[in-house]
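Architecture and fold: a report
Listed below are the residues making up each chain.
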Amino acid sequence: VERLLARPELPAAQALAARGLPARTIDGFLRPLLAALLCDPDLTTSSRCADLALRAFAGGRLALPEGGAESLPEQLARNLPPGTVHTGVRVTSVATNSVTTAEHGVIRCRAVLVATDARAAAELLPGLRVPDFHPVTVLHHTTDEPPATGASLLLDADRGGPVAHTAVVSHVDPSRAPAGRALVSSTVLGPCPSDVDTAVRIHLSRLYGTPTGRWETLAVRHTPEAVPAMRPPHDLRRQVRLLAGLYVCGDHRDTSTPQGALHSGLRAAAAILTDLGAGRSMHTAERVATASAA
Ligand SMILES: Cc1cc2nc3c(=O)[nH]c(=O)nc-3n(C[C@H](O)[C@H](O)[C@H](O)COP(=O)(O)OP(=O)(O)OC[C@H]3O[C@@H](n4cnc5c(N)ncnc54)[C@H](O)[C@@H]3O)c2cc1C
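Report follows, based on the coordinates. Remember, it's a predicted structure, so these values are computed and weren't measured experimentally. (Residues numbered from 1 in each chain as written. Predicted model: local features only at pLDDT ≥ 70, side-chain atom pairs only at ≥ 80, totals over all residues. Heavy atoms only, no water.)

Here we come to the overall build of the protein. The number of helices and strands found in the protein is nine helices and eleven strands. The 294 residues of the protein split such that 37% are buried. At a minimum sequence separation of 6, the contacts of the protein that also span at least 24 residues come to 63%. Just so you have it, the protein exposes about 16,800 Å², and 56% of that area is on carbon and sulfur atoms. For the protein, the distance from the average site of its 29 positive side-chain charges to the average site of its 27 negative ones is 6 Å. (Helix = DSSP H or I, 4+ residues; strand = E, 2+ residues; numbered from the N terminus. Buried < 20%, exposed > 50% of the residue type's maximum accessible area, 1.4 Å probe, protein only. Contact = heavy atoms within 4.5 Å. Areas by Shrake-Rupley, 256 points an atom, 1.4 Å probe, with all protein chains shown as cover. Lys, Arg positive; Asp, Glu negative; His and termini not counted. Charge placed at Lys NZ, Arg CZ, Asp CG, Glu CD.)

Shown next as structure tokens:
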């Protein structure tokens, strides 16, 4: 990682071209793979972030959380004492010692960590920078006859249509598909074209080599501000401690990925524990105090 981060920082497309790799390797594999990993079709992302994404890809495998993206926060919440987490509550303002909510009035506290998306964080904490974003559109289709590509992720290196990448997701995680049917999930990067479903079906029939006219469209989800842009120079360790009692974390403080969001959360938690005078985890500190009192 240190060696990657010591390299000159350029837009990823420029850095790839400067590395002397064959055009076939860049256009046929690296460019579409990086576009998929970074949600950035033009590869304007910092080459350091692109190198880190390639390193993670080479060292591990692509994965989907079983049961959907929400299963990750659900697993984290399951390990907390009952009643710790309240969902469906909208925060309207924060201070170092209180949070004002739309539904439950003011909640007093010893520290506040704002863990929202970048735009909501800047609304709650005026002065915080709002980055540009990469839009993402995801389309879900079901069919009785899945294409024969197994669990592979198909990348479109030819740019022959709007789809950047697609997979028969039910081969990876059957729990996501309606019973007895295959689920094909496809991603369009950049602005959403008009009549996106028709354009995507035509493109998918070429990519999978099978007719898609009878596939059923389950959902088309367009998120204009899906992924914070990481143009160079990108600060990989943006400050998470704003002042004693007020902290911020999320993908916009680190890299624009779930890993970046988790890592910034870890940094913020460490800062809070230090400020509250709990060197280790809060639970350990409490147990030691009880033992010495006894
Ligand atoms: C369609 C789409 C596709 C993506 N694809 C990829 C990908 O392929 N690879 C990849 O690495 N990343 C991808 N990402 C990005 C990844 O999902 C994010 O980087 C990650 O979820 C960021 O986590 P976070 O905790 O920082 O923020 P979020 O997951 O955005 O969580 C913020 C939470 O704050 C809550 N909130 C906001 N305002 C308030 C308020 N006022 N009061 C209370 N709660 C509030 C929101 O409801 C939300 O639950 C994608 C994102 C989208 C939307």
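Our focus in this paragraph is the sheet that holds strand β10 (residues 241-243). Taken in spatial order, the three strands make up an open sheet running β4-β11-β10, and their pairing is mixed. Each having just a single partner strand, β4 (112-114) and β10 make up the two edges of the open sheet. On average, each strand axis in the sheet is inclined to that of its neighbour by 25°, with strand direction left out of account. With two bridges connecting them, β10 and strand β11 (residues 246-248) associate as antiparallel partners. In the sheet register, Arg 241 faces β11, and the bridge partner there is Tyr 247. Lying on the sheet, helix α8 (residues 258-275) is in contact with β4, β10 and β11; it crosses β11 at an angle near 165°. (Pairing = 2+ DSSP bridges. Axes fitted to C-alpha atoms, helices over the stretch in contact; angles between N-to-C directions.)

Attention now goes to the site of the ligand. The local shell around the ligand holds 18 residues, among which Val 89, Val 91, Gly 250, Asp 251 and Pro 258 are the closest. Between Val 91 and the ligand, the recorded distance is 2.9 Å, taken from a backbone N or O atom to a nitrogen atom. Between the ligand and Asp 251 there is a distance of 2.7 Å, counted from an oxygen atom to a side-chain nitrogen or oxygen. Relative to its unbound accessible surface of 1,000 Å², the ligand loses 57% to contact with the protein. Those elements giving two or more residues to the shell around the ligand turn out to be β9 (216-228) and α8. The two domains that each donate at least three residues to the shell around the ligand are domain 2 (86-131 + 234-293) and domain 3 (133-228). (Near = heavy atom within 4 Å. Polar contact = N/O pair within 3.5 Å; in protein donor to acceptor, adjacent residues only side chain to side chain. Domains from an automatic or database assignment.)

This brings us to unusual backbone geometry. The omega torsion of the bond from Pro 232 to Pro 233 falls at -5°, within 30 degrees of zero and hence cis. Here Pro 233 is to be found in the loop between β9 and β10. Located in the positive-phi region is Leu 43, a residue other than glycine, with phi close to 50°. Within the element layout of this structure, Leu 43 appears in the loop between α3 (23-38) and α4 (47-59). Residue Leu 43 is classed as buried on the basis of its relative accessible area of 3%. Of note in the backbone geometry, Arg 159 takes a positive phi value of approximately 50° without being a glycine. For Arg 159, the location among the structural elements is in the loop between β6 (153-155) and β7 (163-168). A residue is classified by how much of its surface remains accessible, and Arg 159, at 54% relative accessible area, is exposed.

Position of His 141 relative to the elements: it lies in strand β5 (residues 133-143). On the basis of relative accessibility, which here comes to 0%, the residue His 141 falls in the buried class. One polar contact links His 141 to Asp 197, side chain to side chain, over a distance of 2.8 Å. Ignoring anything within four residues of it in the chain, the contact list for His 141 reads Ala 182, Leu 183, Val 184, Asp 197, Val 200, Arg 201, Leu 204, Trp 215, Glu 216, Thr 217 and Leu 218.

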